[in-house]
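Observations on the model geometry
Spelled out, the chains give:
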Amino acid sequence: MKNIKRYVFLGVALLFAGLWVAGLTLNPGNPRERHTGTILSAEGDLLLRRACFDCHSNETEYPWFSRLPLSSLLIAKHVKKGRRELNFSHWDRKNEKKRARALRGVARLIRKGKMPPKDYALINPKANLTEEEQALLVHEAERLGGPPPNGDPDSMKKADDTGTDD
Ligand code: HEC
């Protein structure tokens, strides 16, 4: 009986060690490329930085629990996926058309309350946007990206998917 307990304990310890190492190795870190110019206005950019940059730029501020088993894996996945969809650090690479399309996506998702993701905003209160802040971002993104086709943000999903970051 004593031996079984020992093996179970060892097994659990090994599992956690494995998850821990996996999390540390899979962490996408912060690639060097940055965008130094403006995206929206100075005020809008501050909001993007606060609420969106952790997943949509190479300037992710990793929280302390990004080093813990399991949460590290979840965070790595979010950041990789978010960057793949839209990476503001790649703004210089985008032509006018791609920028406009990305901004229409920004306006659409903020309007719908889908970005920043709710679970993330719960853990990171800095990402919570007030209604005024949301309105400012939507207004600026639509001013620069153009309004959604036929004025209906929901009709855009298929016609104008922002797709992957390129
Ligand atoms: C916690 C990470 C995280 C944060 C913070 C975040 N996003 Fe996202 N975002 C994602 C992920 C992951 C996706 C990929 C689609 C999905 O899984 O929902 C995505 C997708 C997107 C897309 C493309 C989706 C599409 O269908 O066209 C846009 C645009 C976007 N986010 C804008 C924003 C904006 C604007 C903010 C800040 C207000 C923001 N995101 C904050 C993780 C994040």
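The text that follows walks through the structure, step by step, so that each part is easy to find. Computed from a predicted structure; not experimentally measured.

Turning our eyes to something else, we now look at the overall build of the protein. Helices and strands together make up the secondary structure of the protein, namely eight helices and zero strands. Buried residues in the protein amount to 25% of all 166 residues.

What follows deals with the packing of helix α5 (residues 96-111) against helix α7 (residues 131-145). The interhelical angle for the contact between α5 and α7, taken along N-to-C directions, is 155°, at an axis separation of 8 Å. Classified by the interaxial angle, the pair formed by α5 and α7 is roughly antiparallel. Two packed elements cross with a definite hand, and for α5 against α7 that hand is left-handed. Contacts between α5 and α7 involve Ala100, Leu103, Arg104, Val106, Ala107, Ile110 and Arg111 on the former and, on the latter, Gln134, Leu137, Val138, Ala141, Glu142, Leu144 and Gly145.

Here we take up the site of the ligand. In the vicinity of the ligand lie 21 residues, with Cys52, Cys55, Gly82, Gly105 and Met115 positioned nearest. Sorting the residues of the shell around the ligand by element identifies α3 (53-56), α4 (71-85) and α5 as the ones contributing at least two each. The residue inventory of the shell around the ligand, partitioned by class, reads 12 nonpolar, five polar and four charged.

Moving on, we get to α4. For α4, built from 15 residues, the straight-helix expectation of 21 Å at 1.5 Å per residue is met to within 8% by its first-to-last C-alpha distance of 21 Å. Here α4 has its buried residues at Ser72, Ile75, Ala76, Val79, Gly82 and Arg83. Take α4 and look down its axis: the buried residues cluster within an arc of 140°, on one side only. For α4, the exposed residues lying more than 90 degrees away from the buried face are Lys77 and Lys81. At its buried positions, α4 is contacted by α1 (2-26) and α3.

Thresholds applied
- Residues numbered from 1 in each chain as written.
- Predicted model: local features only at pLDDT ≥ 70, side-chain atom pairs only at ≥ 80, totals over all residues.
- Helix = DSSP H or I, 4+ residues; strand = E, 2+ residues; numbered from the N terminus.
- Buried ≥ 20, exposed ≤ 12 C-beta atoms within 10 Å, placed from the backbone.
- Axes fitted to C-alpha atoms, helices over the stretch in contact; angles between N-to-C directions.
- Parallel < 35°, antiparallel > 145°, perpendicular 65-115°, else oblique.
- Left-handed = near helix turned anticlockwise from the far one by under 90°.
- Contact = placed C-beta atoms within 7 Å.
- Near = placed C-beta within 6 Å.
- Nonpolar A, V, L, I, M, F, W, Y, C, P; charged D, E, K, R; others polar.
- Expected span 1.5 Å × (residues − 1).
- Arc of directions from axis to C-beta.

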